[in-house]
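Spelled out from the first residue to the last, the chains are:
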Amino acid sequence: MTISEKIISNHIGKHVKAGDLVITPVDGVMATDTTAPLAIKAFEQMGASALFDPNKVALILDHAVPPPNERIANLHKLMRDFSQTHGNRLFDIGQGICHQVMVEHQYVKPGDIFIGADSHTPTYGALNAFACGVGSTDLAATMMTGQIWLKVPKTILIECTGRLKEGVSAKDLILFLVGELTISGATYQAIEFVGEAFQTMTLASRMTVANMVAEMGAKAGIVHPDGLELDYPFQSVVPDVDAVYEKVFRFDVSDLEPQVAVPESPDNVRPIQEVVGTKINYAFIGTCCNGRLEDLQAAAKAVDGKRIKSGVRFLIAPASQQTLLDAMDDGTIQLLINAGASIITPGCGPCVGTHQGVPGDDEIVISAANRNFRGRMGNPNAQIYLASPASVAASAVAGEIVLINE
Amino acid sequence: MVYVYGDNIDTDRIIPGKYTKTLDLETLADHVMEDLDPMFCKSVKQGDVVVAGYNFGCGSSREQAPLALKQAGVALVIAKDFARIFFRNAINIGLAVLEIGDHTIEHGADLVYNLEDGKVIDQSQGKEYNATPLPDIMLDILNEGGLVNYLNKHKNYQLG
Ligand code: SF4
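Residues numbered from 1 in each chain as written. Chains lettered and ligands numbered in written order. Predicted model: local features only at pLDDT ≥ 70, side-chain atom pairs only at ≥ 80, totals over all residues. Heavy atoms only, no water.

Residues and elements named next belong to chain A. Lining the immediate surroundings of the ligand are His 63, His 99, Asp 118, His 120, Thr 287, Cys 288, Cys 348, Cys 351, Val 352, Asn 370 and Arg 376. Comparing atom positions with the cavity grids shows the ligand to sit within the largest cavity. Along the lines of polarity and charge, the residues of the shell around the ligand split into four nonpolar, five polar and two charged. (Near = heavy atom within 4 Å. 1 Å grid on protein atoms, 1.4 Å probe; cavity = no way out; pocket = protein on both sides within 12 Å on 5 of 7 lines; lining within 4 Å. Sits in = over half its atoms within 2 Å of the grid points. Nonpolar A, V, L, I, M, F, W, Y, C, P; charged D, E, K, R; others polar.)

Our next topic: the state of the cysteines. Under the counting rule described, the total for this entry stands at zero disulfides over all chains. Counting only cysteine sulfurs, Cys 351 of chain A is the nearest neighbor of Cys 58 of chain B, a cysteine outside any disulfide, at a range of 15 Å. (Disulfide = S-S within 2.5 Å.)

Residue and element names in this part refer to chain A. You can see Asp 81 is positioned in helix H3 (residues 70-86). Among the residues examined, Asp 81 registers a relative accessible area of 43% and is labelled partly exposed. On a C-alpha basis, the gap between Asp 81 and Phe 251 in space is 50 Å, while along the polypeptide they are 170 residues apart. (Helix = DSSP H or I, 4+ residues; strand = E, 2+ residues; numbered from the N terminus. Buried < 20%, exposed > 50% of the residue type's maximum accessible area, 1.4 Å probe, protein only.)

The next thing to look at is the side chain of Ser 395 of chain A. Residue placement: Ser 395 of chain A occurs in helix H13 (residues 389-398). For Ser 395 of chain A, a relative accessible area of 0% puts it in the buried group.

This paragraph deals with the pairing of strand E6 (residues 119-122) of chain B. All names here are of chain B. With burial as the criterion, only one face of E6 is covered, namely that bearing Val 120 and Asp 122; the residues Lys 119 and Ile 121 on the opposite face remain uncovered. With four bridges joining them, strand E5 (residues 111-114) and E6 adopt antiparallel strand pairing. Looking across to E6, one finds that Asn 114 is bridged to Lys 119. Taken together, E5 and the strand that follows it, E6, pair antiparallel across an intervening segment of four residues, in which Gly 118 is found at a positive phi of about 70 degrees. With antiparallel pairing between neighbouring strands as the criterion, E6 and strand E7 (residues 127-130) make up a hairpin whose turn holds four residues, including Gly 126 at a positive phi of roughly 65 degrees. (Pairing = 2+ DSSP bridges.)

To continue, consider empty space enclosed by the protein. Residues and elements named next belong to chain A. The tally for this structure, following the rule as stated, stands at two cavities of 30 Å³ or more. Space inside the largest cavity adds up to approximately 220 Å³. Lining of the largest cavity is provided by 25 residues; of these, His 63, Asp 118, His 120, Val 352 and Arg 376 occupy positions nearest its centre. In terms of residue class, the lining of the largest cavity is made up of seven nonpolar, 13 polar and five charged. Residues lining the lining of the largest cavity come from more than one domain, with at least three contributed by each of domain 1 (3-251) and domain 2 (261-398). Of the pockets and cavities examined, the second largest cavity occupies roughly 150 Å³. (Points joined across faces, edges and corners; volume = space filled by probe spheres on them. Domains from an automatic or database assignment.)

To continue, consider the sheet that holds strand E3 (residues 76-79) of chain B. Residues and elements named next belong to chain B. In spatial order, the strands read E1-E2-E3-E4; together these four strands make up an open sheet with parallel pairing. Each of the sheet's edge strands pairs with one partner strand only, and the pair in question is strand E1 (2-4) and strand E4 (96-99). Taken over all neighbouring pairs, the strand axes of this sheet differ in orientation by 20 degrees on average, direction set aside. The pairing of strand E2 (residues 49-52) with E3 spans four bridges and is classified as parallel. Within the sheet, the bridge partner assigned to Val 51 lies in E3 and is Ile 78. (Axes fitted to C-alpha atoms, helices over the stretch in contact; angles between N-to-C directions.)

This paragraph deals with the sheet that holds strand E9 (residues 190-194) of chain A. All names here are of chain A. The strand order across the open sheet built from four strands is E10-E9-E8-E11, with neighbouring strands paired in parallel fashion. Looking at the sheet topology across the chains shown, the edges are occupied by strand E10 (220-223) and strand E11 (247-252). Going across the sheet, the axis of each strand differs from the next one's by a mean of 15 degrees, ignoring polarity. The pairing of strand E8 (residues 155-161) with E9 spans five bridges and is classified as parallel. Within E9, the residue paired with Leu 157 across the bridge is Glu 192.

So, on to the pattern of salt bridges. By the definition in use, this model includes 20 salt bridges over all chains. In this structure, Asp 138 of chain A engages Arg 88 of chain B in a salt bridge whose closest nitrogen and oxygen atoms are separated by 2.8 Å. Highlighted residues: Asp 138 of chain A in helix H5 (residues 136-145) and Arg 88 of chain B in helix H5 (residues 84-93), drawn from two different chains. Here the two residues Asp 138 of chain A and Arg 88 of chain B agree in accessibility, since each one is buried. Through salt bridges that share partners, Glu 264 and Arg 374 of chain A together with Asp 10 and Arg 13 of chain B make up one connected network. (Salt bridge = Lys/Arg side-chain N within 4 Å of Asp/Glu carboxyl O.)

This part covers the nonpolar core. Counting residues in hydrophobic clusters, the biggest one holds 84 residues, and the most contacted among them are Phe 40, Phe 56, Leu 69 and Phe 86 of chain B. With sequence-adjacent residues up to four places away left out, Phe 56 of chain B is seen in contact with Ile 9, Ile 14, Val 50, Leu 69, Val 77, Ala 79, Asp 81, Phe 82, Ala 83 and Phe 86 of chain B. Cys 160, Met 212, Val 253 and Ile 384 of chain A belong to the second-largest nonpolar core, a separate cluster that totals 41 residues. (Core = buried A, V, L, I, M, F, W, Y, C linked by side-chain atoms within 4.5 Å. Contact = heavy atoms within 4.5 Å.)

All told, the structure shown has 13 aromatic pairs over all chains when counted by the stated rule. Relative to Phe 82 of chain A, the ring of Phe 43 of chain A lies with its centre 5.5 Å away and its plane at 80 degrees, an arrangement referred to as edge-to-face. Of this pair, Phe 43 of chain A sits in helix H2 (residues 36-45) while Phe 82 of chain A sits in helix H3, and the two are 39 residues apart along the sequence. We classify Phe 43 of chain A as buried; its relative accessible area is 0%. Residue classification places Phe 82 of chain A among the buried positions, given a relative accessible area of 5%. Judged by centre distance (5.8 Å) and plane angle (75 degrees), the ring pair of Phe 91 of chain A and Tyr 107 of chain A falls under edge-to-face. Separated by 16 residues along the polypeptide, Phe 91 of chain A in strand E4 (residues 89-91) and Tyr 107 of chain A in the loop between helix H4 (98-104) and strand E5 (113-117) bring together distant segments of the chain. Take Phe 91 of chain A: its relative accessible area is 1%, and that puts it in the buried class. Through successive ring pairs, a cluster of aromatic residues spans Phe 56, Phe 82, Phe 86 and Phe 87 of chain B. (Phe/Tyr/Trp six-rings, centres within 6.5 Å; stacked < 30°, edge-to-face > 60°.)

Further remarks concern the interface of chain A and chain B. The interface of chain A with chain B comprises 53 residues on the first partner and 43 residues on the second. Summed over the three residues of chain A that lose the most area to chain B, namely Leu 38, Trp 149 and Tyr 188 of chain A, the buried surface amounts to 16% of that side. Across the contact surface, chain A and chain B share three salt bridges. The residue Asp 12 of chain B makes a salt bridge to Arg 376 of chain A at a minimum N-O spacing of 3.1 Å. There are 22 residue pairs in polar contact (both at pLDDT 80 or more) connecting chain A and chain B. Those elements that provide at least two residues to the side of chain A that touches chain B are strand E1 (21-25), H2, H3, strand E6 (130-133), H5 and strand E7 (147-151) of chain A. Top contributing element to the side of chain A that touches chain B by residue count: H5 of chain A, with six residues. (Buried area = accessible area lost by both parts, 1.4 Å probe. Polar contact = N/O pair within 3.5 Å; in protein donor to acceptor, adjacent residues only side chain to side chain.)

Right, here's the structure in full:
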């Protein structure tokens, strides 16, 4: 069995294989201020009177925080009122991005099945969990029943041998893999990541990897638990030696160079070398992909005591309040502010173009996010390049895209 | 009218994130497909059909994407295949979707279709297609008019 088959089998108490249609209990669900309002509406329309288990349901205000207008403020209010009535935890504005918060607060653990009303829910595959994204109505149904129907996915195995070079990060690796597999390369399937390159990764880096399986259309993306360190005891799930994979990809990544996704799709990936010299107006670090402590530290290191280029703006949205506190404790935030960065409320920030940090017409953005679709940051006339936090920070200093390990 | 678009139409192009934070669903129709084809939301009419290539609806989990199309009057989306969350969302909210892997339907085609059996006839090209059948549970959900009605009636999921 693959990791996905095993986790699902453990939950329903019988052996399943790829292609089986199952109804499985879940260990947790979450929705955000983009998806929860519609879910709450659907939940009520379904005639549901109570949550299946209030301790396993979390609502998070992260996509548009603080609210930029009365419409969104009222949606936030709706979520607070719902949480008050039903007894679930509400993570209010500024506490962080849903995926970061769910991991920090241990709403999801190794071996769990977790359903989130957000497409980057597979991020929890970093924890060796089976986690998939759904829309609001599916989420409402799961809040009511504690179950979800799903087709056990086929699995693609990605093995990466070799260690990443100094200055090359998990983001560069996952960008490279998205480029190789393409934006539809794993549709309806799970991905398992295995090999030395992942074994040596921190939890934060594993989250960056699992996060971007959404950019390949995958249902789940699970990192092999080898080398996973958590501050609580856990039981990991490993695949059987005779697990059946739909496809197997093997890459030696020891020579991988920093990567970039050029507009307007996350799978338009090439070595950053090819776009070196592209002038930028705006650099952004944050998101569920790259807003964690190690990302801010990498940015501070890349800035290296210099000021950002005049005329360039540099926004940083820490992934959570905890991240912000940690980055203040170790001096990272001071280094970044001294370089000219502007720190904004922990949350999704400019990632999805809802409230702040919208680029102007014809502006070029270099971002540590996971998506660069047209209009993603709120302006269809801006262009977004995706890269690692170190590449973004170094480019903010240079005023143009640079290769950091030159 | 039949509108034809290409591969990998993402949810940001179907409905930009900045318009998704609302429960006033009619407003979604004003911006549907705005960043892809600014004329679409002005000309789309009740009963129109959207046809696309591979991976329609990739990207975000926002249910506002199929809702925006439904609100705008789109009766059916045909694609070579769909991104999985979009496909589930469409069925859940009662937007008809048919997967036809080998279609060559062109803009303005004259289509006759039957959602029950998934047969689509392109009268402009004289071609007939059979859509990929839905799993039983999806058919049940669709036949009940969406997941809200399904759960209202059954109170829980049922297989087979
Ligand atoms: S940070 Fe961006 S990609 Fe991540 S959950 Fe928020 S909006 Fe989505």
